[in-house]
Amino acid sequence: MLVGYPTEAAMRPPSLNLSRHNKIILACALVLIWIFIRQQISQMDGRFFQLSFQGAKGLVLYLIGDYSGAAKAYRAHFQEEFQTGKTTGNPGLDALLRGELTAAKDLSQKTLEKNPEDIGALLNLGEAALEENDLKHALEISDRIFKKQTDHPDASVLASLAFARSGDDSKAIDAINRTLRRSRIGSRLTAFLMFLETTGDKARLPDKEKPLCLLANYYRYLRIYDESNGKPAITYAEKAIVAGDHPADAYLAIGIVHEKEGRPEKALQAFLKAIEADPKQAEAYRWAASVYAERGGDLLNEYRMWKGAYEAAPGDLLYTDAYVQFLQGRLGDLKQALTITLKTLEVQPDNPVMLHRAGELYQWLGEHEQAIGYFQKLLTITPKDAGIYDRLGYSLAELKRIDEAVTSFKTALSLNPNGRGSHVGLAWIYQGAHRFKEAIPEYEKALELGEDVDTLAALCSLYHYESQYQRAADCFQMVIAQDPNNKVAINLLSYTLKNLGRQ
Amino acid sequence: MWAQFQYRVPGSFLFLLLPVIGLVLTVLSFILFIKHLLIRIPADDPFRLTFDRIEWWSSLLVRIFVYYSLLLYVNGKLDASKPAYRAYDIVSVANTFDPGLPFSYSWVTLRDRQAPERTERLLLNWGERADLWGAEPVMVTSRQGFLGIPWVAAIERDWDHYAKEILKYAPTASTVWKELIAFDLTHDLWKEGKEASWEYLKLYPNDYKTAIQIGGSFDIVFRYAEAVPFYEYAAARHPTYEVSQVLGTALSWSGNNTRAAQVLEASVQLNPDYWEAYYHLGYVYGGMGRLAEGIAAFEKALERKPNSPEMETELARQRQALAAVQAAKQAAQKRQGQVSNPSP
């Protein structure tokens, strides 16, 4: 062997001196750790991963459960990032992210002087107030936003944090539930960091001082960004139930986490317990109704739940509209739906959703004059809505005001050339007037825009009436293949075949 | 397996058989694998002989299962028997069970509503799995079977029972009424269906479209006389040319040609330029023996819709019939003349 050359053993990469048995155990452990980390990371929102020392610190602190520490680290990261020129497009928000509260307030005030309706600027002021612990001002601002937009998600988060910091847990829970009930979440990074920090602060309190139900609901909110928060949400909720801390809200939080994690029957049990704990817990009724709807259409129980939600919060438009929608669309209880709609319109006469419902309901009830009145009122609020022109056209046609109906459908098409309903409406009018040559292309266009077996059957019948028997026969065959019991096809096909000399 | 779902047989036999088949298939797969490894072992080796014996018996069982499934297929596919309906309540819907076959399956336990002590267990097909839930009232459709093996064609919600429960709480629920009517009219509950239909129309008197649809449900099963009152109802509230045509046709098919002619003649006034009323009148007059009027009606219809072999055929047939009638009349008159003339 030549002196100076390394030996073969020395060339081998350094290795742990483990037995074969231990190496296998180590490999398995590493694989398991990798699977666990991958699983944990895959369900986390991208905002948790920031490429900087502070960002990495934030992630580590978050993963070990120190949410307030994580929030501070992330805030430091964004401070650096926005100081080097990064922008959100909102100068006030940029200043907040840089940690310059005075600048943020000045910029937002200036924006509000130009446009007092600017919600972004209002939120900047609200968050600045929260940072300065001026909770009263923060709540005043959130109220101002709610007057413009009910349940505005960022304003709801702001209000919830202000209430939580002032120790009013009930209102804090209510505010966060208002954000979540419309399946919307706050969009602002600043609010998210404050939320994370508040959750961490509250979780670090001594056990006797912990707001258990509030924590359950805050973890439930954070579950949207990281599914692993579902577990602490349930744990805190269970503790809250035992402690008698807002048990109905706690059951609701448990139910929602179960539902989101694919355990509908457990979720339903929790919602029913929430209702038992507080029969005015409208949100639990709403969630229970959705579980009943999904398990094969349990209409009777679904009805009980929607009714319960409406009766628990009769002035809340979310539950009123959901109940009316259920009555109209699923149960077909047009009379009850109309009664509730008209009652709501007495309080909010220009509410576009309720005006639309009233128009539709009168239309379904065959009272077209009233329906037209509501649709026309709606057009003064939303004049560019093609769907309303379609509805109007339908009622005008039913009243035999054919020219007006055609104009209405054509106006709808000028607003939305791909409106399937407008083409079907025109075809239907032309068919009724035996103007089949004009009806056929309208049906054909409607079918290009979306398949529907009844529209196809109507088109086939027109081919038959226009003596295009072979085309009609082929067309009816297609209808029967899709819907073997289609009455139009079954009835007319035999006559079509007779005309083709096949019967 | 598909045949077992599609043409399922009630009883516990299947629930004993399926796990066994699953087990046998697993054993067969295992044996095939082992045999591949033991390829060099002599054929008379006791180990190999045992494996061969197990394989033979397993294969036999699988073959019996396949033939039994084929038998069920023939029994169901060629079955033309009338469906029988029986009301049940769901006791439980079992979770999916995986017997080791390429399919998983789940089943439902049902309690007979007429005899609550009796329970049945049935396999669920794919469509039924998502729709059924515990305590739901269901109607089971069974058939006699081409080979005399009774089988279950469908398990569906018993709207006749369920709708009535809902209507106790929401008596004006139109969708529920319509489901009830549609269910009754497709499950031999004609009287109940008619009663429900009139109840519904009392609640929603402007809904002439549903009245027409109900009429159509009777028409499609050739119960024209029962369709007529619903079309009459629609015509009274929405007197259009189209409604008159369906009413006139149903009246004619139910044997009331006189009233059919009145309705269709009146509809001509609504749109004299359209062919359809003349077309129906052609048949109605023909059926009443008013052949000259029938011919005139078809001629008018053909003027308005020239290319119609069906009408041309019917017109030719009526002209021929009229000619035959006239010839017969002339012959009769001739005979009468011969008889009445006194012989010189």
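Throughout what follows, the structure given in this document is the object of discussion. As the structure is a computational prediction, the values presented were derived from the model and not from experiment.

The rules behind the values
Residues numbered from 1 in each chain as written. Chains lettered and ligands numbered in written order. Predicted model: local features only at pLDDT ≥ 70, side-chain atom pairs only at ≥ 80, totals over all residues. Heavy atoms only, no water. Helix = DSSP H or I, 4+ residues; strand = E, 2+ residues; numbered from the N terminus. Rg over C-alpha atoms; globule rule 2.2 N^0.38 Å. Buried < 20%, exposed > 50% of the residue type's maximum accessible area, 1.4 Å probe, protein only. Contact = heavy atoms within 4.5 Å. Areas by Shrake-Rupley, 256 points an atom, 1.4 Å probe, with all protein chains shown as cover. Lys, Arg positive; Asp, Glu negative; His and termini not counted. Charge placed at Lys NZ, Arg CZ, Asp CG, Glu CD. Patch = residues over 30% accessible without salt bridge, like charges linked within 9 Å, V, L, I, M, F, W, Y side chains within 5 Å. Salt bridge = Lys/Arg side-chain N within 4 Å of Asp/Glu carboxyl O. Pairing = 2+ DSSP bridges. Axes fitted to C-alpha atoms, helices over the stretch in contact; angles between N-to-C directions. Parallel < 35°, antiparallel > 145°, perpendicular 65-115°, else oblique. Left-handed = near helix turned anticlockwise from the far one by under 90°. Expected span 1.5 Å × (residues − 1). Phe/Tyr/Trp six-rings, centres within 6.5 Å; stacked < 30°, edge-to-face > 60°.

## Quick word on the overall build of chain A
Inference 1: Across its full length, chain A carries 28 helices and zero strands.
Inference 2: Over its C-alpha trace chain A gives a radius of gyration of 31 Å, far above what one expects of a compact globule, namely 23 Å for 503 residues.
Inference 3: With respect to the three principal axes, the spread of C-alpha positions in chain A is 105 × 75 × 50 Å.
Inference 4: Within chain A, buried positions represent 50% of all 503 residues.
Inference 5: Within chain A, contacts between residues separated by at least 24 positions form 52% of all contacts whose residues are at least 6 apart in sequence.
Inference 6: A total accessible area of about 24,500 Å² is found for chain A, and carbon and sulfur atoms account for 55% of it.
Inference 7: Considering chain A, the positive charge centre built from 59 side chains and the negative charge centre built from 64 side chains are found 3 Å apart.

## Focus on a nonpolar patch on the surface
Inference 1: Together, A:Leu18, A:Leu26, A:Leu30, A:Val31, A:Leu32, A:Ile33, A:Trp34, A:Ile35, A:Phe36, A:Ile37, A:Ile41 and A:Phe49 line one region of the surface with nonpolar side chains, adding up to about 1,100 Å² of accessible area.
Inference 2: Position of A:Trp34 among the secondary structure elements: in helix 2 (residues 20-42).

## What about the pairing of strand 1 (residues 84-93) of chain B?
All names here are of chain B.
Inference 1: Sheet topology note: the strand 1/strand 4 (residues 137-143) ladder contains six bridges and is antiparallel. Across the sheet, Tyr 85 pairs through a bridge with Thr 141, a residue of strand 4.
Inference 2: Two elements, strand 1 and strand 2 (residues 107-112), share five bridges in a ladder whose sense is antiparallel. Bridge assignment links Val 93 to a residue of strand 2, and that residue is Val 108.

## Some words on the packing of helix 3 (residues 53-63) of chain A against helix 4 (residues 67-83) of chain A
All names here are of chain A.
Inference 1: Interhelical geometry of helix 3 versus helix 4 gives an angle of 165° and a closest axis separation of 8 Å. Of the possible angle classes, the one that applies to helix 3 and helix 4 is roughly antiparallel. Judged by the twist between their axes, the crossing of helix 3 over helix 4 is left-handed. Taken together, the residues of helix 4 that come into contact with helix 3 (itself represented by Gln 54, Gly 55, Lys 57, Gly 58, Leu 59, Leu 61 and Tyr 62) are Tyr 67, Gly 69, Ala 70, Ala 73, Tyr 74, Ala 76, His 77 and Glu 80.

## Structural notes on helix 21 (residues 368-381) of chain A
Since one α-helical turn is 3.6 residues long, residues separated by three or four positions face the same way.
Inference 1: With 14 residues, helix 21 of chain A should cover 20 Å at 1.5 Å per step; its first-to-last C-alpha distance of 20 Å lies within 8% of that length.
Inference 2: For helix 21 of chain A, the elements touching its buried residues are helix 20 (352-364) and helix 22 (386-398) of chain A.

## Some details on the packing of aromatic side chains
Inference 1: Within this structure, the stated rule accounts for 35 aromatic pairs over all chains.
Inference 2: On the basis of an interplanar angle of 50° and a centroid distance of 5.6 Å, the ring pair of A:Tyr67 and A:Tyr219 is categorised as tilted. Of this pair, A:Tyr67 sits in helix 4 while A:Tyr219 is found in helix 12 (residues 212-222), placing the two residues 152 residues apart along the sequence.
Inference 3: By relative accessible area, which is 7% here, A:Tyr219 ends up buried.
Inference 4: Consider the rings of B:Tyr283 and B:Phe298, whose centres lie 5.2 Å apart with planes at 85°: the pair is edge-to-face. In this pair, B:Tyr283 is assigned in helix 12 (residues 276-288) and B:Phe298 in helix 13 (residues 291-304), connecting sequence segments 15 residues apart.
Inference 5: When its relative accessible area of 27% is taken as the criterion, B:Tyr283 is described as partly exposed.
Inference 6: Owing to a relative accessible area of 0%, B:Phe298 belongs among the buried residues under this scheme.
Inference 7: Ring pairs connect the aromatic residues A:Phe48, A:Tyr62, A:Tyr67, A:Tyr74, A:Phe192, A:Phe195, A:Tyr218, A:Tyr219, A:Tyr221, A:Tyr225 and A:Tyr236, which therefore count as one cluster.

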